Amino acid sequence: LLCNDYAQHGYHYGQYKKAEKYYKLCKDICETVKDIDKHFLGRSYNNLALLYKSQGRYIEAESLYKKALEINENRLGENHSSTAKNYNNLATLYESQGKYEEAVPFHKKALQIKEKLLEESHPSIAVSYNNLAAAQFNAGNLKLAKEYQQKSLKIYLAKFGENHPNIAINYSWLGTISFKEKKYQEALDYYYRAREIYLRFLPEKHPDVQDLQTWIDKCERLVEK
């Protein structure tokens, strides 16, 4: 629909009033036209929800995301990749509000769908493990966060080998979880691994390397005590 293209243009250029006007028009058309493909209606709900989320209008965004989820569950079934995306949208919406415990079940539902559709070694499953790890970490569930992060690491190691930026990110996350657990030597070991990989791809003055070095310095001081 042309109105959706106008809305997208407005959204990408920060013209939110224009984007809302045309997203709403697109939604109203999709709701009014009898024989329109439900895919377009679901997409219009998702687009408007994303706009509201970016503006901090979380209640309105949640309602629209749930409508989009209901459409895809009815149209495609519970075990479809688009339905998994709907669950992920709701999870990230709750995370935007600091509601990490509420986000976890939706990340789990997205993961369960992926596990039915994909091989257990697929990188998309590793992404879901990362999402769950981050949500559990922010909710204060460090043991679960570490378990999910280790599962993600296992998939990435099998897929990419030891020398890949994704592996460095996993090691860095595991270091941060261990640091929060006050296991400083363990955290330091993970951080060293992450730095070793980063330095194969990035200059020493790169912000990611410098940020990691800050954590290494903290750990080294704590280990020496």
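Residues numbered from 1 in each chain as written. Predicted model: local features only at pLDDT ≥ 70, side-chain atom pairs only at ≥ 80, totals over all residues. Heavy atoms only, no water.

Chemist: Explain the overall build of the protein chain to me, please; I cannot follow it from the model alone.
Modeler: Regarding its fold elements, the protein chain presents eleven helices and zero strands. Counted from the first residue to the last, the protein chain has its helices and strands arranged as α-α-α-α-α-α-α-α-α-α-α. Based on the C-alpha atoms only, the size of the protein chain along its principal axes is roughly 70 × 40 × 30 Å. Expressed as a percentage of contacts within the protein chain between residues at least 6 apart in sequence, the contacts between residues at least 24 apart total 51%. Once the 34 positive and 29 negative side-chain charges of the protein chain are each reduced to a mean point, those two points are 3 Å apart. (Helix = DSSP H or I, 4+ residues; strand = E, 2+ residues; numbered from the N terminus. Contact = heavy atoms within 4.5 Å. Lys, Arg positive; Asp, Glu negative; His and termini not counted. Charge placed at Lys NZ, Arg CZ, Asp CG, Glu CD.)

Chemist: Would you mind showing me how to read the packing of helix 3 (residues 38–54) against helix 4 (residues 58–76) here?
Modeler: A pair of packed helices can be characterised by two numbers: the angle between their axes and the separation between those axes. Running from amino to carboxyl end, helix 3 crosses helix 4 at an angle of 160°, the nearest separation of the two axes being 8 Å. Here helix 4 runs roughly antiparallel to helix 3, going by the angle between their axes. Crossing of helix 3 against helix 4: the hand is left-handed. On helix 4, the residues touching Lys38, His39, Leu41, Gly42, Tyr45, Asn46, Leu48, Ala49, Leu50, Tyr52 and Lys53 of helix 3 are Tyr58, Glu60, Ala61, Leu64, Tyr65, Lys67, Ala68, Ile71 and Arg75. Along the lines of polarity and charge, the residues of the contact of helix 3 with helix 4 split into twelve nonpolar, three polar and five charged. (Axes fitted to C-alpha atoms, helices over the stretch in contact; angles between N-to-C directions. Parallel < 35°, antiparallel > 145°, perpendicular 65-115°, else oblique. Left-handed = near helix turned anticlockwise from the far one by under 90°. Nonpolar A, V, L, I, M, F, W, Y, C, P; charged D, E, K, R; others polar.)

Chemist: I would appreciate a short explanation of the pattern of salt bridges in the present structure.
Modeler: Using the criterion set out here, one finds ten salt bridges in the structure. With its nearest N and O atoms 3.4 Å apart, the salt bridge here joins Lys24 to Glu20. Of this pair, Lys24 and Glu20 both sit in helix 2 (residues 16–32), four residues apart, which is roughly one turn of the helix. A salt bridge links Glu62 to Lys66, with the shortest nitrogen-to-oxygen separation between them at 3.1 Å. Here the residue Glu62 and the residue Lys66 both occupy positions in helix 4, the gap between them amounting to four residues, near one helical turn. You can call Lys66 partly exposed: its relative accessible area is 41%. Each of Glu20, Lys24, Arg57 and Glu60 takes part in salt bridges that share partners, so that together they form one network. (Salt bridge = Lys/Arg side-chain N within 4 Å of Asp/Glu carboxyl O. Buried < 20%, exposed > 50% of the residue type's maximum accessible area, 1.4 Å probe, protein only.)

Chemist: Explanation requested: the packing of aromatic side chains in the structure shown.
Modeler: Any pair of aromatic rings gets described here by the distance separating the centres and the angle formed by the planes. Inspection of every chain in the model, using the stated rule, returns eleven aromatic pairs. Summarising the aromatic geometry, the rings of Phe179 and Tyr184 are spaced 5.3 Å apart at their centres and angled 65° between planes, so their arrangement reads as edge-to-face. Take Phe179: its relative accessible area is 16%, and that puts it in the buried class. Tyr184 gets classed as partly exposed once you look at its relative accessible area, which sits at 22%. (Phe/Tyr/Trp six-rings, centres within 6.5 Å; stacked < 30°, edge-to-face > 60°.)

Chemist: Looking at this model, I keep getting lost on the state of the cysteines. Mind explaining?
Modeler: As used here, a disulfide is simply a covalent bond connecting the sulfur atoms of two cysteines. Going through the model one piece at a time under the given rule, you end up with zero disulfides. In this structure Cys26 is not part of a disulfide, and its nearest cysteine sulfur, from Cys3, lies 3.8 Å away. (Disulfide = S-S within 2.5 Å.)

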